[in-house]
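Here is what each chain is made of, one letter per residue.
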Amino acid sequence: MQIRYSALVCALLLSGCQSLTSPEPSQTAAVEPPVAIEPQPQLAEPTPVEPAPVVITDVWERIRGQMAMTIPDNKRVNHFKQWYINNPKHLEIVSQRAEPFMYLIVEEIERRGLPIELALLPIVESSFDVFAYSAGAAAGIWQFTSPMGKHFGLQQNWWYDGRRDVQASTVAAMDMMEYLHDKIGGDWNYALAAYNTGEGRVFRAIKRNKQRGKSTDYFALDLPTETERYVPQLLALADVVKNAEKYGLKLNPIANQPRLKSVDVGSQIDLSLAADLADMTIAELHKLNPGYNRWATAPDGPHTLLLPIDKVAAFELALADTDQTERVNWVRYTIKSGDNLGAIANKYHTKVAILQSVNRIKGSMIRAGQTLLIPVAAKDPEDYQFSVDQRLARTQSTKRASFKLNHVVKSGDSLWTIARANKVTVKQLAAWNGMAPSDPLRAGKQLTVWVNKISETQQKSSVMRKVQYTVRSGDSLARIGQKFQVTVADLLRWNRLDGNKYLQPGQKLQLYIDVTRVEA
């Protein structure tokens, strides 16, 4: 009975399971083979969308994005910050001057991993004037003195001054900055101060403060006044450049892309020819290559030219089609009786050493009939308006006072003696002649002197006029002075005369006379 009951329960259970899987419970279910279930395709992980890179189109933005030097709330820094804010035209002008060169400067600084604020240093040093020359005899946008420039590899000669070569001097300036930073303890404020005044002064200032138990922070050091202003000026500039919009200042945009390319022409070339080949004016070419002092690149190099990138290809093609003998013009000069190398060099706007080198002349002896080969400019000297000579001519002709005197330097002269004789300062005399007060003088150099009082007898009511007088037989300085109511001392000064020598009939003298005192 028990067995039958169990069988019945089993049958009922089986019949219940079949009712879940089959619509016909009365039939016996057939065993089917297992069905292969294809795996569902896995959905790929979504690729994260990278944000579009920020394209920096302006070099100033590139600089702002990397600024990291601390700008302290300091009286000196705030003073210069306010000066820049109060003089917005200054930054407009210097940013225009910086436009051709700032990209290559930023590239060099980034390549070395140096503080980007160093790119602003030419604004502090020279207001980005490529032809700047200071009272301290420093030249170029980075203001290298001659000895320091030579120490860091910048060539300087009659033809070329590497201190004004923007590309070469930028490399030298960054070499110097790295040297100073490593030498002076890894502090950029110290390094900047040393760039301005020399590492020795900074070391001594730090040592003094240590000995006195004082802070050795840059702002606590006792340094020359100029150096105490130098670093704060750069820090203030960095702040106003970074926050130009906030301060209402405008910087001339500079495209964040290469503007210039250096081309090695391989040998000396007249800048007028190079300008023609590049489809530029001589002035445009010279402003990009201010290291060249004269009308051509240096005979012994460098022979590189910075050119606008869009002109390089055409320039190189045109240069390849130009015979090397046509790159510089030469004249053959036959020496005449009475000639000397100095006079010939002056006539052809060159230097005695160049005549000697080109013509293999040892010493100064030349003979009549001998032929000299002389390199000469293809165009008039005035066409090379950024050569040393033409820049000096503009400086000397800029009116500074009522009367202009010319002084030819004699042996024994100094800026101090000439300035004293004309009652002007050494600083004024040097500035009028494109010099630094410490520059040496050479005999024969012509200086310009500007004065308001031209004569010892001049009065406020005087009406002064310049006249030329031809010496007559029997004339003397005293007689001429009496006739025109001027002093012998003035006659000597105006005409650079030796008081111990006699006047010669026919000799021309310059006189400045008061027409209200001279009798008709």
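Located above this text is the structure these notes cover.
These lines cover the structure that appears in this document, whether it is placed above or below. From a predicted model like this one, the values you see are computed outputs, not experimental measurements.

It is worth spelling out the overall build of the protein chain at this point. Within the protein chain, the regular secondary structure consists of 22 helices and ten strands. Counting across all 520 residues of the protein chain, residues that qualify as buried make up 42%. Considering only intrachain contacts with a sequence separation of at least 6, the fraction spanning at least 24 residues in the protein chain is 68%.

Considering all chains together, one arrives at twelve aromatic pairs under this definition. Consider the rings of W83 and Y84, whose centres lie 5.4 Å apart with planes at 85 degrees: the pair is edge-to-face. A relative accessible area of 37% places W83 in the partly exposed class. Seen from their ring centres, Y469 and F484 are 5.5 Å apart, and the 70 degrees between their planes marks the pair as edge-to-face. A residue pair is termed long-range when its members are at least 10 positions apart, and Y469 in strand β9 (residues 464–470) and F484 in helix α21 (residues 477–484) qualify at 15 residues. Here Y469 matches F484 in class, with each residue buried. Members of the aromatic cluster, joined through ring pairs, are W158, W159 and W295. Here the basic side chain of R394 rests over the ring of F386, its NZ or CZ set 5.6 Å away from the ring centre. One cation-aromatic arrangement involves K483 over F484; the distance from NZ or CZ to the ring centre is 5.6 Å.

On to the pattern of salt bridges, then. Overall, the coordinates contain 16 salt bridges when judged by the stated rule. A network of salt bridges, in which partner residues are shared, links E108, R111, R112, D175 and E178.

Moving on to the pairing of strand β10 (residues 508–514). For a regular strand, side-chain orientation follows a simple rule: the groups alternate between the two sheet faces. Counting buried residues in β10 gives five out of seven residues, a clear majority hidden from the surface. Strand direction decides the pairing type here: β9 and β10, joined by seven bridges, are antiparallel. Looking at β10, one finds that V467 is bridged to L511.

This brings us to the layout of surface pockets. By volume, the second largest pocket amounts to about 760 Å³. Every element with two or more residues in the lining of the second largest pocket is listed here: α3 (75–86), α6 (121–126), β2 (144–145), α7 (146–151), α8 (166–183), α9 (188–197), α10 (199–211) and α11 (225–242). The element best represented in the lining of the second largest pocket is α11, accounting for five residues. A per-class count over the lining of the second largest pocket returns 16 nonpolar, eleven polar and five charged.

This next bit is on the environment of D175. Positionally, D175 belongs in helix α8. With relative accessibility at 30%, the residue D175 sits in the partly exposed group. Expressed as a C-alpha distance, the spacing of D175 and R112, which sit 63 residues apart in the sequence, is 9.6 Å.

With ten of its ten residues buried, α9 lies for the most part within the structure. Along α9, the residues classified as buried are W188, N189, Y190, A191, L192, A193, A194, Y195, N196 and T197. Elements in contact with the buried residues of α9: α6, β2, α8, α10 and α11. Phi for G198, located one or two positions after α9, is positive at around 105 degrees.

Conventions and cut-offs
- Residues numbered from 1 in each chain as written.
- Predicted model: local features only at pLDDT ≥ 70, side-chain atom pairs only at ≥ 80, totals over all residues.
- Heavy atoms only, no water.
- Helix = DSSP H or I, 4+ residues; strand = E, 2+ residues; numbered from the N terminus.
- Buried < 20%, exposed > 50% of the residue type's maximum accessible area, 1.4 Å probe, protein only.
- Contact = heavy atoms within 4.5 Å.
- Phe/Tyr/Trp six-rings, centres within 6.5 Å; stacked < 30°, edge-to-face > 60°.
- Lys NZ or Arg CZ within 6 Å of the ring centre and 35° of its normal.
- Salt bridge = Lys/Arg side-chain N within 4 Å of Asp/Glu carboxyl O.
- Pairing = 2+ DSSP bridges.
- 1 Å grid on protein atoms, 1.4 Å probe; cavity = no way out; pocket = protein on both sides within 12 Å on 5 of 7 lines; lining within 4 Å.
- Points joined across faces, edges and corners; volume = space filled by probe spheres on them.
- Nonpolar A, V, L, I, M, F, W, Y, C, P; charged D, E, K, R; others polar.

Everything listed is a geometric property; what it means functionally is a separate question.
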